[in-house]
Amino acid sequence: MEKNRYKGIVCIVCSAFCFALMNVFVRAAGDLPSMQKSFFRNVVALAFAIIIMKKNSIPFRCRRKNLRYLLIRSVCGTLGILCNYYAIDHLVLSDASMLNKMSPFFAVIFGFLVLGERVDIPQALCVAGAFLGSLLVIKPTFANMALVPSFIGLLGGLGAGIAYTYVRKATLNGEKGPLVVCFFSAFSCLATLPFLLFDYHPMTVLQLLSLLGAGASAAGGQFAITAAYSYAPAREISVYDYSQVIFAAGLGFVIFGQMPDGLSWLGYAVICTMAVVMFLYNNRKRA
C-alpha cells in the first residue's frame, strides 16, 4: 500500500508536467476552434493507447460491470475538456486556469461520495491550502468574469473531477489503464468529429505540429493520471496536481519569456509546503 502511494505521487507529478506542456502547445497553436484542438488532442492519445494495448496484449474490451463507469468517465472528461477550452477562449487565461484547478477539489469530494473514501480534516486543509496558493499564482479577477463563460469553466473543473473519480472506480474493478485511456480518447474523437468536419479551419505546418505536440503531451498526462488514481485515493495525492503551476511557470519563462512576480513565488512556496505537509501527515498516520 505504501509503495502504491509513492507510485501515485510520482505519476500525478508526471501528469502535471505533461499537462503543463500541453498548455504550451495549445497556446502555440494559435486561434483555432476548441473542437478542432480537442480532436487532435485525443486522436494522438488514442493512437498511443492502441499501440500500448497491442504491445501488452490487452484486449480491446472492458468488463461489463465497468462499462457504465467508463462511459461516465468519458462523457464527463470530454465535457471537461470542451468547457475548459471554451473558458480559455472567452475568459482571461488566469481565470480559466483557476476554474479548471477546481478539479482536485471535486475529485476529493466525489471520491468521498462515490468511493466512500474518508477525508481527514488535515488532508482537506492541505488541499484547500494548495488551492489558495494557486490563487496567489494565477491572481484571478472575479469582477471581470462573464457569468456564462465562468460557469462553463467551473463545469470543466467539475467534469474533470468526476472523471478522475471514475478512473479510480474502473481501475479498482480491474480495468487496465491503457484501456481506460483508449475508451475515453475514442469516445472524445467520435464526439468532436462531426464538429471538425463541418467547421474545419486550415492549419499551417507549425499549427499542426503544435496540436500534435499537444496531443502527445495530453496522452502522457492521461496515462500518468490514470495510473496515479489507480494507485492511491484522491485525498492522498490530489494536492500534488498543483505542481502543474510550477511547471507552467518554468516553461512559460523558458519558452515565452514570462517572469513570475512576487505573489507567484509566494504561491509556489505555499503549494510546495502543502505537498510536504500532506506527505508527512500521511506517513505519520500510516505509522
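The written sequence of each chain sets the order in which its residues are numbered from 1. A pLDDT threshold of at least 70 governs which residues receive local features in this predicted model, and a stricter bar of 80 or more applies before side-chain atom pairs are shown or counted, although totals over entire chains, interfaces and linings include all residues. The side-chain quantities take in all heavy atoms of the structure and omit both hydrogens and water.

What about the overall build of the chain?
Filter applied, for reference: A run of H or I in DSSP becomes a helix once it reaches four residues, and a run of E becomes a strand once it reaches two; helices and strands are each numbered from the N terminus. Buried residues are those whose accessible area, probed at 1.4 Å on protein chains only, stays under 20% of the maximum for their type, while exposed residues exceed 50% and partly exposed ones sit between those limits. Accessible surface area values rest on a Shrake-Rupley calculation with a 1.4 Å probe, where residue burial reflects the displayed protein chains alone. Note that His is not counted, nor are the chain ends; the positive residues are Lys and Arg, and the negative ones are Asp and Glu. To locate a charge, take NZ of a lysine, CZ of an arginine, CG of an aspartate or CD of a glutamate.
Per the secondary structure count, the chain includes twelve helices and zero strands. Counting from the amino terminus, the chain carries its helices and strands in the arrangement α-α-α-α-α-α-α-α-α-α-α-α. Of all 287 residues assigned to the chain, the portion counted as buried reaches 52%. Surface accessibility of the chain: about 13,400 Å² in total, with carbon and sulfur atoms responsible for 71%. Between the centroid of the 24 positive side chains of the chain and the centroid of its 11 negative side chains there is a distance of 13 Å.

A closer look at the packing of aromatic side chains
Our working rule: Planes of paired rings set the category: under 30 degrees apart is stacked, over 60 is edge-to-face and the rest tilted, where pairs are Phe, Tyr or Trp rings (Trp by its six-membered ring) whose centres lie within 6.5 Å. Charge over a ring is defined by NZ of Lys or CZ of Arg lying within 6 Å of the ring centre and within 35 degrees of the ring normal.
As enumerated under the stated definition, the model contains four aromatic pairs in all. For the ring pair Phe 39 and Phe 40, a centre distance of 5.8 Å and an interplane angle of 85 degrees mean the geometry is edge-to-face. When the ring of Tyr 164 is compared with that of Tyr 229, the centres are 5.5 Å apart and the planes differ by 15 degrees; the resulting orientation is stacked. Here Tyr 164 is found in helix 7 (residues 147-172), whereas its partner Tyr 229 is found in helix 9 (residues 205-231), with 65 residues between them in sequence. Look at Tyr 229 and you get buried, because its relative accessible area is 3%. Of note, Arg 5 hangs over the ring of Tyr 6, and the distance from its end group to the ring centre comes to 5.5 Å. Arg 73 extends its terminal NZ or CZ atom over the ring of Phe 184, reaching a point 4.0 Å from the ring centre.

Brief notes about the confidence of the model for the chain
Using the following cut-off: pLDDT measures the predictor's confidence residue by residue and takes values from 0 up to 100.
Looking at the chain as a whole, its pLDDT mean stands at 82, while 91% of the residues score no less than 70. Across the chain, helix 8 (residues 177-198) holds the top mean pLDDT of 89, while helix 4 (residues 93-100) sits lowest at 65.

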